[in-house]
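Take a look at the letters that make up each chain.
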Amino acid sequence: MTQMTEKHERTNRMGVVAALVLLLGAVHAADGQQLFDVTMTADNAYQFYYGDGVSATVDMGGAVNTTPTAIWGTESYSVTIPDSSWIYIAAWSDDSVKQGLIADFTNLTLGGQVLSGNTPWEVTATGIDLDDASPSPSLALMTAEILNANAGTNPSLGWVTPTASSLTNVAGGIHAVTISGIDDNARWMWYDNGLDTTSLNPPFTVPITPPGFNHDEFLIFRIPVTVPEPASMSLLLLGGIGLVARRKRRSNSHSK
């Protein structure tokens, strides 16, 4: 191999390593933040936030839906959330007929989705009844109820797994309507306080008595914002080193 060829190979290796550095930097977004596209709706109201494991610190918006058209429509958000945060959704109903939340969180930084009705969603019941006209929970109230949930001193005795509809979104969910803009596999979810003993799929089918009711609302749903694992980055780096080695061997064979 000539001196010029060796110099060219060193340049190639440096280029690949530089590309890997850029790739790893992109995976772990600027300043340790992640970008999400969010689409959701509720029967009847929700407000969503992010914070840490003991508090809500940022209010990101919400909606109150009082008609079927509004419930079957959606709201969409593009939000940037720091690594290691928790996403919280406060949700409440008009205590009538059916209740539920359906959501699609797409992580544009790491890839993948978190859909309502699936792992790793958790829910807690505050026992503070809100109505359609009620203001959304303040950051202070959210923080107080997060602490109550962490201590297990609320009606649900802490964080529990939400009850999910037996039907996916594409199958019509709880309203026999597929919600446009939300993944087919998302499912409506809510908290079942065990008081509905007359319907087959509480709290999503209308009970005989009473015709819908307060399930210890308002509720708080949560999911964690995960941090890219060092092992995953190591695999990417090892893959890049293998690429350098293969390119070097290929160049050596051409020089013989």
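Note: the structure precedes this text.
A brief report on the enclosed structure follows. None of these values were measured; they are calculated from a predicted model.

Let's talk about the sheet that holds strand β2 (residues 45–52)
Spatially, β3-β2-β5-β11-β8 is the arrangement adopted by the five strands of the open sheet, whose pairing is antiparallel. Of all the strands in the sheet, the pair left with one neighbour each is β3 (55–64) and β8 (122–125). Within this sheet the neighbouring strands show an average axis-to-axis angle of 20°, counted without direction. As judged from the seven bridges shared by β2 and strand β5 (residues 86–92), these two strands associate in the antiparallel manner. Opposite Ala45, over in β5, you have Trp92 as the bridge partner. Helix α3 (residues 139–151) rests against β2, β3, β5, β8 and β11 (219–224) of the sheet, and its axis sits at about 110° to β3.

Describing the environment of Asp184
By secondary structure assignment, the location of Asp184 is in the loop between β9 (163–164) and β10 (189–190). As for Asp184 and Thr168, which are separated by 16 residues in sequence, their C-alpha atoms are 6.6 Å apart. Contact partners of Asp184, with chain neighbours within four places excluded, come to Thr168, Asn169 and Val170.

A few points about the nonpolar core
Here is a general trend for soluble globular proteins: nonpolar side chains tend to be buried in one another's company. Of all hydrophobic cores here, the largest spans 28 residues; its most connected members are Met40, Tyr46, Phe48, Ile89, Leu101, Phe105 and Phe221. Top element by residues in this core is strand β1 (residues 33–43). It accounts for four residues. Listed in part, the 13 residues of the second largest apolar core include Tyr88, Ala90, Trp92 and Phe218.

What about the packing of aromatic side chains?
Counted according to the given criterion, the structure contains five aromatic pairs. Between the aromatic rings of Phe48 and Phe105, the centroid separation amounts to 6.4 Å while the plane-to-plane angle is 85°, which identifies the pairing as edge-to-face. With Phe48 in strand β2 and Phe105 in strand β6 (residues 100–107), the pair connects residues that are 57 residues apart, well separated along the chain. Using a relative accessible area of 1% as the deciding quantity, one classes Phe105 as buried. Ring centres 6.2 Å apart and planes at 50° place the aromatic pair Trp190 and Phe221 in the tilted group. Within this pair, whereas Trp190 is found in strand β10, its partner Phe221 is found in strand β11, the two being separated by 31 residues in sequence. Among the aromatic side chains, those forming a connected cluster through ring pairs are Phe48, Tyr77, Phe105 and Trp121.

With respect to unusual backbone geometry
Thr119 connects to Pro120 through a cis peptide bond whose omega is 10°. Inspection of the secondary structure assignment puts Pro120 in the loop between β7 (113–115) and β8. A cis geometry characterises the amide bond from Glu217 onward to Phe218, with omega recorded as 10°. Mapped onto the elements, Phe218 comes out in the loop between β10 and β11. The phi angle at Ser84 is positive, at roughly 65°, despite the residue not being glycine.

Let's talk about the environment of Val170
Among the structural elements, Val170 can be located in the loop between β9 and β10. Residue Val170 is classed as partly exposed on the basis of its relative accessible area of 48%. Separated by 14 residues in the primary sequence, Val170 and Asp184 place their C-alpha atoms 4.6 Å from one another. Not counting residues within four places of it along the chain, the set of residues in contact with Val170 comprises Thr178 and Asp184.

Focus: α3
With 13 residues, α3 extends 18 Å from end C-alpha to end C-alpha; this agrees with the ideal 18 Å at 1.5 Å per step. The inward-facing, buried residues of α3 contact β2, β3, β5, β8 and β11. Gly152, located one to two residues past α3, shows a positive phi value of around 75°.

Criteria and thresholds
- Residues numbered from 1 in each chain as written.
- Predicted model: local features only at pLDDT ≥ 70, side-chain atom pairs only at ≥ 80, totals over all residues.
- Heavy atoms only, no water.
- Pairing = 2+ DSSP bridges.
- Helix = DSSP H or I, 4+ residues; strand = E, 2+ residues; numbered from the N terminus.
- Axes fitted to C-alpha atoms, helices over the stretch in contact; angles between N-to-C directions.
- Contact = heavy atoms within 4.5 Å.
- Core = buried A, V, L, I, M, F, W, Y, C linked by side-chain atoms within 4.5 Å.
- Buried < 20%, exposed > 50% of the residue type's maximum accessible area, 1.4 Å probe, protein only.
- Phe/Tyr/Trp six-rings, centres within 6.5 Å; stacked < 30°, edge-to-face > 60°.
- Expected span 1.5 Å × (residues − 1).

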